[in-house]
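An overview of the molecular structure
Listed below are the residues making up each chain.
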Amino acid sequence: MEINILAQTAKAMVSAGKGIIAADESSGTCKKRFDAVGVECTEETRRQYRTMMFETPGIEQYISGVILYDETIRQKASDGTPIADVLSKKGILPGIKVDTGAKDLALHPNEKVTEGLDGLRERLAEYKTLGAKFAKWRAVITIGESAGRRIPSEACIFANAHAIARYAALCQEADIVPIIEPEVLIDGDHTIEQCFEAAETTLEEVFEELNHQGVAPEGAILKASMVIAGKKAAKQSSVEEVADQTLRVLNATVPKNLAGIVFLSGGQGDEQATAHLNKMNQSGKQPWPLSFSYSRAIQNPVLKKWAENPKANVKAAQDILLSRSKMNSLASQGKYSDELEKERPY
Ligand code: 13P
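Residues numbered from 1 in each chain as written. Predicted model: local features only at pLDDT ≥ 70, side-chain atom pairs only at ≥ 80, totals over all residues.

Helix and strand counts for the chain stand at 12 helices and 12 strands. The globule rule puts the C-alpha radius of gyration for 346 residues at 20 Å, and the 19 Å found for the chain is close to it. Once the C-alpha set of the chain is aligned to its principal axes, its extents read approximately 50 × 45 × 40 Å. For the chain, the residues scored as buried account for 49% of the 346 residues in total. Considering only intrachain contacts with a sequence separation of at least 6, the fraction spanning at least 24 residues in the chain is 80%. (Helix = DSSP H or I, 4+ residues; strand = E, 2+ residues; numbered from the N terminus. Rg over C-alpha atoms; globule rule 2.2 N^0.38 Å. Buried ≥ 20, exposed ≤ 12 C-beta atoms within 10 Å, placed from the backbone. Contact = placed C-beta atoms within 7 Å.)

Listed below in structure tokens is the structure:
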């Protein structure tokens, strides 16, 4: 483990005004997104869509890294350049999703544990030769009730925290920066207080396990979900509440020397996710840079425009990607306002 290399990469991932595009949807998830806009989902259409995004002129002003899926890091742009090189030529760091998905947790109905540790050392070595500088592992925590018990259970939180820490240690051993993503799902009718409690317990356990495994915080990035009421909750959270409660949980649980925090959008509206990030960055100086690593909140309008006519709409879709990237870049500096949305090209 070369701590200097790890710390330098992690710092670059959250450098001022920049964030990460998550484009690591599994082929199954990608099919759901393509089906929703009426595009056939094949290896070739996934390649065309993602290459279109990564070739967006000027995107490197706002984007520090892109999380790729196994299939994509092996693909080439139409001119034969490997996709990872398309990114690195622009100074964008290629990353790779390495977990193999959230599977049912035994004896715990409706809870998941993320798998992917088997053979991970060897897979990381290969991804490194393909250009990956960082990796991602997503754990899923569900709030609710199952079989008469409140969830998340201790078993679910512990199993996921342990696995994510072992993943992070293997990444750092290979000088690949781990993104640690314990996502507390927005699905359900829970209150913001219940979300806070689940996030607090999860983050405490995750950082305890990371510490046990010897993971260096200065060479790691947390991908956090925001503290927010469930999508079906009777009382929805205000922008101020989300910013306040998210900062409160992070300050209570995250080591001050962690390299940075990026957020997932988790099913929030596109502009809502931007406004929440902005509010947090307007709330005074925090111990870590706070930026974005959105998939849906960046890609939704891009995919929609591209799907209308994948050949003719390349430039129009790229303009939208550039615009959403810029808005989120501004939000990562606390300089966004919804007035700016009036300028957007869609
Ligand atoms: P969303 O922003 O769509 O939640 O995706 C982020 C991500 O990478 C989920 O793992």
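The next point concerns the nonpolar core. Counting 105 residues, the largest nonpolar core has Val66, Ala135 and Ile221 as its most contacted members. With 10 residues, helix α7 (residues 154-173) is the largest single contributor of residues to this core. Contact partners of Ala135, with chain neighbours within four places excluded, come to Gly95, Ile96, Val98, Leu124, Cys171, Ile176, Pro178 and Ile179. (Core = buried A, V, L, I, M, F, W, Y, C linked by C-beta atoms within 7 Å.)

Further remarks concern helix α1 (residues 3-13). The complete set of buried residues in α1 reads Leu6, Thr9, Ala10 and Met13. All buried residues of α1 fall inside an arc of 100° around its axis, so they share one side. (Arc of directions from axis to C-beta.)

All right, on to the sheet that holds strand β2 (residues 63-68) then. One key point about sheets: their strands pair by backbone hydrogen bonds, in either a parallel or an antiparallel sense. Within the closed barrel, the eight strands sit side by side as β1-β2-β3-β6-β9-β10-β11-β12. Their pairing is parallel. Neighbour-to-neighbour, the strand axes of this sheet turn through a mean angle of 25°, independent of strand direction. Pairing analysis gives two bridges linking strand β1 (residues 19-22) to strand β12 (residues 290-294), with the strands arranged parallel. Looking at β12, one finds that Ile21 is bridged to Tyr294. (Pairing = 2+ DSSP bridges. Axes fitted to C-alpha atoms, helices over the stretch in contact; angles between N-to-C directions.)

Our focus in this paragraph is the site of the ligand. All residues adjacent to the ligand are Ala22, Arg138, Glu181, Leu264, Ser265, Gly266, Tyr294, Ser295, Arg296 and Ala297. A per-class count over the shell around the ligand returns four nonpolar, three polar and three charged. (Near = placed C-beta within 6 Å. Nonpolar A, V, L, I, M, F, W, Y, C, P; charged D, E, K, R; others polar.)

What follows deals with the pairing of strand β9 (residues 177-184). Every other side chain in a regular strand lies on the same face of the sheet, so the side chains alternate between the two faces. Taking burial as the measure, the eight residues of β9 include eight buried ones, the bulk of the element. Across the two faces of β9 the burial is the same, with Val177, Ile179, Glu181 and Glu183 and Pro178, Ile180, Pro182 and Val184 all buried. Sheet analysis places strand β6 (residues 134-141) next to β9, joined by eight bridges and oriented parallel. What sits directly across from Trp137, in β9, is Ile180. As paired strands, β9 and strand β10 (residues 221-224) are joined by two bridges and run parallel to one another. When the sheet's bridge partners are listed, Ile179 is paired in β10 with Ile221. Crossover β9 to β10 through helix α8 (residues 192-212) is right-handed. (Right-handed = clockwise from strand over helix to strand, strands pointing away.)

A few words on unusual backbone geometry. Looking along the chain, the bond that leaves Ile151 and enters Pro152 is cis, with omega of 15°. Relative to the helices and strands, Pro152 is located in the loop between β8 (149-151) and α7. With a phi angle near 70°, Leu107 is a residue other than glycine that sits in the positive phi range. Relative to the helices and strands, Leu107 resides in the loop between β4 (101-104) and β5 (112-115). Its identity as a non-glycine residue notwithstanding, Asp175 has a phi of 60°, on the positive side. By the element assignment, Asp175 lies in the loop between α7 and β9. On the basis of neighbour count, Asp175 is assigned to the partly exposed category, with 17 C-beta atoms found within 10 Å.

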